[in-house]
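# Coordinate analysis (summary)
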Amino acid sequence: MKADVRREIALSPDGRAALSAGRTPLLDGVVPKGVKGAPALEILGAVARFAGGEGNVRVDTLRRRLGPDFSAAVLARLLRRGLLREREVAIAPGPGRRTEEFAVLAEPRVGGPGSPPDTPPRGQRQREILRVLTVSGGRAAVKDLLRTAAAGRAALRALERLGRVRVEAVERPRRPFALDIPAEPPVPLILTPTQQEVFDSIGAMIDEGRFRTALLHGVTGSGKTEIYLRSIERTVRLGRKALYLVPEIGLTPLLARRMRARFGEVLALLHSGLSDGERHDEWRRIRDGKVDVVLGARSAVFAPLKDLGLIIVDEEHDSSFKQDEYPRYNGRDLAVLRAKMQEAVAVLGSATPSMESYRRATQGGYALLRLPERIGGAGLPVVERVDMRREFEEVGRESSLSRRLLQAIEDRLRRKEQSLVLLNRRGFSTFVLCRACGEQVECRRCSIAMTLHMRDQRLRCHYCGDARKVPQSCPACKSSHLYFGGTGTERLETVLHAHFPAARIERMDRDTVRGRGAAERLLTRVESGEVDILLGTQMIAKGHDFPNVTLVGVLTADALLGLPDFRAGERTFQLLSQVAGRSGRRETGGEVVVQAYYADHHAIKAACDHDFAAFAAEEMTYRRVMNYPPYTSLALVLVKDRIFDRASAGAALAAGILREAGKGSLQVLGPAPAPLERLRGEYRVQVLVKSASRPEIQAALSRMLAEIDRRNERLPGLVIDVDPMSTL
């Protein structure tokens, strides 16, 4: 796992042909404009000269030999065009077992072979080691022993030779930070009649011991997590294993602490936030059968659990379950497949189910279980919509925080209650505009506006990570009249501090919770009441249970509606419903203030009314009329290339083959430039494929790939995404 590798490259047959001919059409467009360094033919020649016995040369060797003439951009293009081939060679194993040395006093025995000699220790350090060991009960960690005794390793080795001490290596598994948080004793809970009914239904499925899938549709705060945990306990008592999937690692810390109190050492954690060593040790514990329950994000669906009896997929609607790089699997769908393969029960839970899961449940494919009410006496929070168009007319200026939301926050501060403020855009300013010529500062590699991050005084692209200094003048017309517009979480934090200087304000987004354990520490502080206002992106919207939060404010609630994606309304409804559910989860009750310019959109109205049925009915009507999932299967074929014409030609080729292969049974849309036309330096042209039959789509895609191979066409930037979560 995670072995250290080095990159090696070699000439392909096409590369040898290009090198021997001196120039071929294959080299056209290889060297990008403005790139300094050796031309493509020189790099091909250097690979041939420096290649070893197997015909490969290390990339770092090539970089060192060519010096300033080396061009990573040209090398990357040669690889994409198929003139060079690349392979990775393992040079060192990945993380292994971590051990710790312990020194143990040898037990004195009377006479006989193998007894410790009577020779006393020869020096002061050896005597001190023996004294410390004796005081420590005859056993101590070597590093602690040598530090306490102020002795070196040589003195300990001498005692080993004398037979007075033996040193043994003991395996010390690395523990994820979230499992090192002290576990709180479980609080006994009594299920409501509705909860008990749902739990009995899931329990009956578990007892049957065969594959079943259930959709648990429960409003926020209805007690879904307690049902999950009791279902896991029931599964473990029957001698089977359980898997609990959550969409993001931000949801795991407090849940891990709660689960550790219930399951102890038989709980394992798997997610991308672990170190390589922690992931290695957790994976081994699972594989060796020392674990009954695994908690993790989407990749945990591959955990090597034997005799799996239950899979929980919490927040099943969340797009984070879909991996946006190869292999492009959906953790939710794969969980159902794995449950089927292992005769297990799959429970998909959400307060805002995906349209696909909801339709399958209402059509009888899944068992539909409902928790329509919150536990306790608070009920769902009261939601108020603020039309920011009217706010602007009445106030006379643009403001990120409405008067209604400011007053509500002030009320909570006075009552010693907590507030959450959601703004799903990080950074300080979300765009930089020239007032003179209207030019917007975009990323050099993506067709997207760059965001100002005030902390490090840089403009950053949130797609490719490119960064540059803040310009003093317009890159196009050199005017100094730049406008830094839009509000991100960093600027909002400044605004909140200005309005409430005495409040304890914290921000939670990718910029503030990067370090190990940072998210866990911040969430623990919020839970313990050390934070008055928590603002952040969608990281604060899901799964958290803060007992003292009685107010949620949502800024630019209609921002997602402007995206050219058929799931925009569904995502808006889900995000608003989820974040509103953080408010008033105890008897105190809660309130939500939703700010939007398009406050009358059906997704916003239904979310504010807590009416999933009304939203689903209207959304399903649109999907049916426009022939989108869940009424059809969808595949996205995307071609990427540094040159737009090549990407467009490749997409046209794919579309033509698909139309021919579909023979009228497929609806093929495109090719057309993707809404985000350029990302990470590559142009993107896409084709959408729709069909009522998934097997027909799969067969057409297979024929497309076979035909591309038969024609010997080169589409190195071809991406196929079946059931895409986004068409951007």
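Everything numeric in this text was worked out from a predicted model, so none of it was measured. (Residues numbered from 1 in each chain as written. Predicted model: local features only at pLDDT ≥ 70, side-chain atom pairs only at ≥ 80, totals over all residues. Heavy atoms only, no water.)

### Quick look at the overall build of the protein chain
Secondary structure assignment for the protein chain yields 23 helices and 28 strands. For the protein chain, the exposed surface amounts to about 34,300 Å²; the carbon and sulfur share of it is 50%. Between the mean site of the 115 positive side-chain charges and the mean site of the 90 negative ones, the protein chain shows a separation of 5 Å. (Helix = DSSP H or I, 4+ residues; strand = E, 2+ residues; numbered from the N terminus. Areas by Shrake-Rupley, 256 points an atom, 1.4 Å probe, with all protein chains shown as cover. Lys, Arg positive; Asp, Glu negative; His and termini not counted. Charge placed at Lys NZ, Arg CZ, Asp CG, Glu CD.)

### Points about the confidence of the model for the protein chain
Per-residue pLDDT for the protein chain has a mean of 85; in total, 92% of the residues score no lower than 70. Contacts of residues 110–115 to residues separated by more than four positions or lying in other chains number two contacts, the stretch itself having pLDDT below 50. (pLDDT = per-residue confidence, 0-100. Contact = heavy atoms within 4.5 Å.)

### Focus on the sheet that holds strand β17 (residues 451–453)
Taking strand neighbours across the sheet as the criterion, the three strands line up as β17-β18-β19 in an open arrangement whose pairing is antiparallel. The sheet is open, and its two borders are formed by β17 and β19 (467–469), each paired with just one other strand. Across the sheet, the mean angle from the axis of one strand to that of its neighbour is 35°, orientation sign disregarded. (Pairing = 2+ DSSP bridges. Axes fitted to C-alpha atoms, helices over the stretch in contact; angles between N-to-C directions.)

### Here we look at the pairing of strand β24 (residues 591–596)
For β24, a buried count of six out of six residues is recorded, marking the element as mostly surrounded by other parts of the structure. Alternating residues of β24 divide into E591, V593 and Q595 and V592, V594 and A596, and every residue in both groups is buried. Across six bridges, the pairing between strand β14 (residues 382–387) and β24 is parallel. Following the sheet pairing, R385 is matched in β24 by V594. As paired strands, strand β23 (residues 549–554) and β24 are joined by four bridges and run parallel to one another. By the bridge assignment, L551 is partnered in β24 with E591. Each parallel crossover has a hand, and the one from β23 via helix α19 (residues 568–580) to β24 is right-handed. (Buried < 20%, exposed > 50% of the residue type's maximum accessible area, 1.4 Å probe, protein only. Right-handed = clockwise from strand over helix to strand, strands pointing away.)

### Things to note about the sheet that holds strand β10 (residues 293–296)
Within the open sheet, the seven strands sit side by side as β9-β10-β8-β11-β12-β7-β13. Their pairing is parallel. In this open sheet, the two strands that pair with only one neighbour each are β9 (267–270) and β13 (367–371). Each neighbouring strand pair of the sheet contributes to a mean axis angle of 20°, computed without reference to strand direction. Of the strands in this sheet, β7 (212–218), β11 (308–314), β12 (345–350) and β13 touch helix α9 (residues 193–208), which is tilted by about 150° from β13.

### Quick notes on the nonpolar core
One finds M508, L534, F546, V554 and V594 to be the most contacted residues of the largest nonpolar core, which totals 42 residues. Of all the secondary-structure elements, those providing two or more residues to this core are α14 (355–362), β15 (418–422), α18 (518–527), β23, α19, β24, α20 (602–608) and α21 (612–626). Setting aside residues up to four positions removed in sequence, F546 forms contacts with L254, L420, L523, V526, E527, L534 and R582. Counting 28 residues, the second largest nonpolar core, distinct from the first, contains M205, Y228, V293 and L295. (Core = buried A, V, L, I, M, F, W, Y, C linked by side-chain atoms within 4.5 Å.)

### What about the packing of helix α22 (residues 644–662) against helix α23 (residues 694–710)?
Relative to each other, α22 and α23 sit at 125°, their axes nearing to 9 Å. Considered as vectors, α22 and α23 are oriented oblique to each other. Along this stretch, α22 crosses α23, giving a crossing that reads as right-handed. Along the contact surface, α22 presents L653, A654, I657, L658 and A661, while α23 presents A700, L701, R703, M704, E707 and I708. (Parallel < 35°, antiparallel > 145°, perpendicular 65-115°, else oblique. Left-handed = near helix turned anticlockwise from the far one by under 90°.)

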